[in-house]
Amino acid sequence: MPRYLSMVRIDEKTAPAEGPSPELMQRMGDLLEEITKAGVMLDTAGLTPTAQGKRVRWEGGELSVTDGPFTETKEVVGGYALMQCKDMAEAVEWAKRFLKVHEEHWTVTCEVREIMEG
Amino acid sequence: MTPQPTADPTPPPDSDPTPDSDSDPGTAIDSDPGTAIETVFRMESPRLIAGVARIVRDVGIAEELAQDALVAALEQWPRDGVPDNPGAWLMATAKRRAIDLVRRRERYARKLAEVGRDLEAAGPYLDQPSDPDDIDDDLLRLVFTACHPVLSAEARIALTLRLLGGLTTPEIARAFLAPEATIAQRIVRAKRTLAAKAVAFEVPDGPDREARLDSVLEVIYLIFNEGYAATAGDDLLRPALCEDALRLARVLAQLMPKEPEVHGLVALLELQASRAATRTGPAGEPVLLKDQDRRRWNRLLIARGFTALGRATATGAPGPYALQAAIAACHVQAYTYEETDWSRIATLYALLATRSPSPVVELNRAVAVSMADGPAPALEIVDRLAAEPALRDYHLLPSVRGDLLRRLGRTEEARAQFVRAAGLARNERERALLLTRAEEGD
């Protein structure tokens, strides 16, 4: 059964400064319980803001390190979920359920990618 | 039902506007509601069947009613949109049909009274998810029913994969390299047997519970091994069976978090699965543990295995699955084959032999003892096993014996053992390996 990485992209500029609402946290908790009970979730976590992140880059044989925030990107990875699903359609269905627990003012994208095995 | 927002046909602003573009990934899946419905149905079907079976008390009828709910979704969702909570919609539809069925049958009049009370207590179903705790209870009942000892082991495996793993009959047939008709018949007969023997849809209490849980764990373990033993190219589909078993075990651990052996089984399967990719070479040939590329062992599964093992051992003396998991843990903890803690493995095998004695466990213990303390004490164990009827045709007994004799310098005796082992091996590759070993070491 293939594994899928769902990269949760958020727009840091429009994300609520006070963070997720308690209601959202509650709904998210319920959903995480459901997906774990389905034997699907292998690992998931949210990430701290890119302001606290660094980019380490290799280009033209040179290393460079850039401090966050990474304002040139509209959406940044704000979390991830590693799931084991029957197929891409199931992974996408779980991603939809994840997105639907958010309130309307959120802009969130789940980029779901199959992990190359072997 | 309100259509879900993602079904909105308006293309996202940055999508390719050319009309002949058929590669827009943003709408490809949603443009086919059939795929979405089938996916949701497959994900929800174990819970649907379990929820309905509690009402109709028959897994065969429950499965049919769940299928009816799918047909209703296929009719309505493309027209009205996918409901906000598709799982609850399917469950409500299936349960309504179940209640209709019960009502239609007069001979179920007495049950109707019970069901009616349940319904009133539960309130209106529609647009409201079922209580997760109820679903958990129903799912557990379904697990214990599908794994009922009144069925043969083969029937239990097929029924569990079908009802709980969500596998289709052709998928199960492919996994077991059996004709589809055979599997279909096995499943039909299993459902009939459960009905004919009036097997209660329940999780047993008291002393029955442990015995029945053993059967449940065994079924999952057998499914895993069916996939794990496969090495040949023809069997490429079977590793999927390992994943199905692992998923079932993970589900069971969530349903029965207080049962240490359930966590023990999860730990064992996670740790075994972490090595799966390195067990065969490029041509599909088996790669022995000592030759496996340990850098390619799956760290995430190892970590999950250790977590589950911790849960299993936190609540008392480890059972057989937890002990086997602890042995697997010793292997994955070693950076090299030589660094393996063989005396700990030998101790764990000794514990396992007390908990669930078996000649195969003894043979494995002998191998661990030979690594920890040398070939002489190991040979004593193996010689005691020579009379064991269960191992008479087991090629690994002479193979291990040959290895120990060779290490003791008894070359001629060793050669005879390897030749004997080759004669017993059923797998061509193994036979070839053993014949090579017979020629070595002079």
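See the structure printed just above.
Going along each chain's sequence as written, the residues are numbered from 1 onward. Working convention: letters from A go to chains and numbers from 1 go to ligands, in the order in which they are written. Only residues with pLDDT of at least 70 get local features here, since the model is predicted, and only at 80 or more are side-chain atom pairs given and counted; chain-wide, interface and lining totals rely on the full set of residues. As a rule here, side-chain values come from all non-hydrogen atoms in the structure, and water together with hydrogens is ignored.

Undergrad: Go over the overall build of chain B, please, and point to the residues and values.
TA: Note on conventions: DSSP H or I runs of at least 4 residues are helices, E runs of at least 2 residues are strands, and numbering of each starts at the N terminus. Summing up its helical and strand segments, chain B has 20 helices and 0 strands in all. In this scheme, a residue with accessible area under 20% of its type's maximum is buried, one over 50% is exposed, and one in between is partly exposed, where area comes from a 1.4 Å probe on protein chains only. Counting only residues that meet the buried cut, chain B has 47% of its 442 residues in that class. Within chain B, contacts between residues at least 6 apart in sequence are counted, and of these 63% link residues at least 24 apart. Surface accessibility follows the Shrake-Rupley procedure with a 1.4 Å probe radius. Residue values consider only the protein chains on display as shielding. As displayed, chain B has an accessible area near 22,400 Å², and 52% of this comes from carbon and sulfur atoms. We call two residues in contact whenever any of their non-hydrogen atoms come within 4.5 Å of each other.

Undergrad: Can you explain the nonpolar core? Please cite residues and give values.
TA: Each nonpolar core is a collection of buried residues, namely Ala, Val, Leu, Ile, Met, Phe, Trp, Tyr and Cys, held together in the definition by side-chain atoms within 4.5 Å. Judged by nonpolar contacts, the single largest core of 124 residues is most densely connected at Val56(B), Leu161(B), Leu252(B) and Leu269(B). Residues within four places of Val56(B) in sequence aside, it is in contact with Ile61(B), Ala62(B), Leu65(B), Ala98(B), Leu101(B) and Val102(B). Ile35(A), Met83(A), Trp106(A) and Val112(A) belong to the second largest nonpolar core, which has 23 residues in total.

Undergrad: Please set out helix H9 (residues 180-196) of chain B residue by residue, giving values where relevant.
TA: Residues and elements named next belong to chain B. The span one expects for a helix is its residue count, reduced by one, times 1.5 Å. Here H9 is 17 residues long and its end C-alpha atoms lie 24 Å apart, about the 24 Å a rise of 1.5 Å per residue gives. Buried within H9 we find Ile183, Ile187, Ala190, Lys191 and Leu194. For H9, the angular spread of the buried residues around the axis is 90 degrees, confining them to a single face. In H9, the exposed positions angled more than 90 degrees off the buried face are occupied by Ala181, Arg189, Arg192 and Ala196. Contact partners of the buried residues in H9: helix H3 (59-80), helix H6 (132-146), helix H7 (153-163) and helix H8 (169-175). Phi turns positive one or two residues past the end of H9, at alanine 198, with a value near 50 degrees. What the arc measures is the spread of directions leading from the helix axis to the C-beta atoms.

Undergrad: Mind laying out the pattern of salt bridges, listing which residues take part and the relevant values?
TA: Between Lys or Arg on one side and Asp or Glu on the other, a salt bridge is scored when a side-chain nitrogen of the former is within 4 Å of a carboxyl oxygen of the latter. Across all of its chains, the model carries 34 salt bridges over all chains by this definition. We note a salt bridge from Glu33(A) to Lys37(A), for which the minimum N-O separation is 2.9 Å. Of this pair, Glu33(A) and Lys37(A) both sit in helix H1 (residues 22-37), 4 residues apart, which is roughly one turn of that helix. With a shortest N-O distance of 2.9 Å, Glu44(B) and Arg47(B) are connected by a salt bridge.

Undergrad: Could you give me a rundown of the packing of aromatic side chains, with the residues and numbers involved?
TA: Working definition: a ring pair exists when centres of Phe, Tyr or Trp rings (six-membered ring for Trp) sit within 6.5 Å. Plane angles under 30 degrees give stacked, over 60 give edge-to-face, the rest tilted. Applying the stated criterion across every chain yields a total of 3 aromatic pairs over all chains. Measuring from centroid to centroid gives 5.2 Å for Trp77(B) and Trp89(B), while their planes differ by 70 degrees, and the two rings are edge-to-face. Of this pair, Trp77(B) sits in helix H3 while Trp89(B) sits in helix H4 (residues 86-104), and the two are 12 residues apart along the sequence. Between the aromatic rings of Tyr221(B) and Tyr321(B), the centroid separation amounts to 5.5 Å while the plane-to-plane angle is 75 degrees, which identifies the pairing as edge-to-face. Here Tyr221(B) is found in helix H10 (residues 206-228), whereas its partner Tyr321(B) is found in helix H14 (residues 320-333), with 100 residues between them in sequence. Of the two residues, Tyr221(B) and Tyr321(B), neither departs from the other in class, the shared state being buried. Sitting above the plane of the Phe70(A) ring, Arg55(A) keeps its charged end 4.0 Å from the centroid. Definition used: whenever NZ (Lys) or CZ (Arg) falls within 6 Å of the ring centre and also within 35 degrees of the ring normal, the charge is taken to sit over that ring.

Undergrad: Tell me what's going on with the state of the cysteines, and back it up with residues and numbers.
TA: By convention in this document, the label disulfide applies to cysteine sulfur atom pairs within 2.5 Å. Counted according to the given criterion, the structure contains 0 disulfides over all chains. No disulfide involves Cys110(A); its nearest neighbouring cysteine sulfur is the one of Cys85(A), lying 12 Å away. According to the relative accessible area criterion, Cys110(A) is buried, its value standing at 17%. The cysteine Cys147(B) is free of any disulfide, with Cys242(B) supplying the nearest cysteine sulfur at 17 Å.

Undergrad: For the side chain of Glu90(A), give the residues involved together with the corresponding values.
TA: When you line up the elements, Glu90(A) lands in helix H2 (residues 88-100). According to the relative accessible area criterion, Glu90(A) is buried, its value standing at 1%. The residues touching Glu90(A), leaving out its near neighbours within four places in the chain, are Val40(A), Cys85(A), Thr39(B), Arg42(B), Met43(B) and Arg247(B).

Undergrad: Can you break down the interface of chain B and chain A residue by residue, with the values?
TA: Reports of interface size often rely on the accessible area that becomes lost once the parts have come together. In this complex, chain B contributes 29 residues to the contact, which on the side of chain A involves 25 residues. Counting the surface lost from both chain B and chain A, the interface buries some 2,300 Å², and carbon and sulfur atoms represent 50% of this. At the level of secondary structure, the elements contributing two or more residues to the side of chain B that touches chain A comprise helix H2 (33-56), helix H11 (239-255) and helix H13 (299-313) of chain B. Its residues placed into classes, the side of chain B that touches chain A shows 10 nonpolar, 7 polar and 12 charged. Summed over both partners, buried area is the accessible surface (1.4 Å probe) that two parts give up on being assembled. Side-chain classes follow a simple rule in which Ala, Val, Leu, Ile, Met, Phe, Trp, Tyr, Cys and Pro form the nonpolar group, Asp, Glu, Lys and Arg form the charged group, and the remainder, Gly included, forms the polar group.

Undergrad: With reference to specific residues and values, describe the sheet that holds strand S2 (residues 41-46) of chain A.
TA: Residue and element names in this part refer to chain A. In this analysis, strands are considered paired if DSSP registers two or more bridges between them. Strand order in the open sheet formed by 4 strands is S2-S5-S1-S6, and the pairing between neighbours is antiparallel. This sheet does not close on itself; its edge strands, each paired only once, are S2 and strand S6 (108-114). Shown here is a sheet whose adjacent strand axes are inclined to one another by a mean of 20 degrees, direction ignored. For S2 and strand S5 (residues 76-84), the ladder comprises 5 bridges, and the chain directions are antiparallel. Paired with methionine 41 across the strands is methionine 83, a residue of S5. The strands that H2 touches are strand S1 (3-10), S5 and S6; relative to S6, the one it contacts most, it runs at about 160 degrees. Each axis is a line fitted through C-alpha atoms, and for a helix only the stretch in contact is used; angles between axes span 0 to 180 degrees, taken between their N-to-C directions.

Undergrad: Run through the pairing of S5(A), naming residues and quoting values.
TA: Residues and elements named next belong to chain A. Along S5, 7 of the 9 residues are buried, which leaves the element largely enclosed by surrounding structure. Sheet topology places S1 next to S5; 8 bridges connect them, and they run antiparallel. Bridge pairing links isoleucine 10 to valine 76 in S5.

Undergrad: How would you sum up the pairing of strand S3 (residues 54-59) of chain A? Please name residues and give values.
TA: Residues and elements named next belong to chain A. Counted residue by residue, S3 has 0 buried out of 6 residues, so it is predominantly exposed. Here S3 runs beside strand S4 (residues 62-67); their pairing, made up of 6 bridges, is antiparallel. When the bridges of S4 are listed, arginine 57 appears paired with serine 64. From the end of S3 to the start of S4, which pair antiparallel, there are 2 residues, and glycine 60 there has a positive phi angle of about 55 degrees.

Undergrad: I'd like a description of unusual backbone geometry, backed by residues and values.
TA: Cis geometry marks the peptide bond from Gly68(A) to Pro69(A); its omega dihedral reads 0 degrees. In this fold, Pro69(A) is placed in the loop between S4 and S5. In the Ramachandran plot, Arg57(B) falls in the positive-phi region, its phi being about 60 degrees despite a non-glycine side chain. With respect to the helices and strands, the residue Arg57(B) is situated in the loop between H2 and H3. A relative accessible area of 45% means that Arg57(B) is categorised as partly exposed. Despite not being glycine, Ala198(B) shows a phi value in the positive range, around 50 degrees. With respect to the element layout, Ala198(B) can be found in the loop between H9 and H10. Under the relative-accessibility criterion, Ala198(B) is labelled exposed at 61%.

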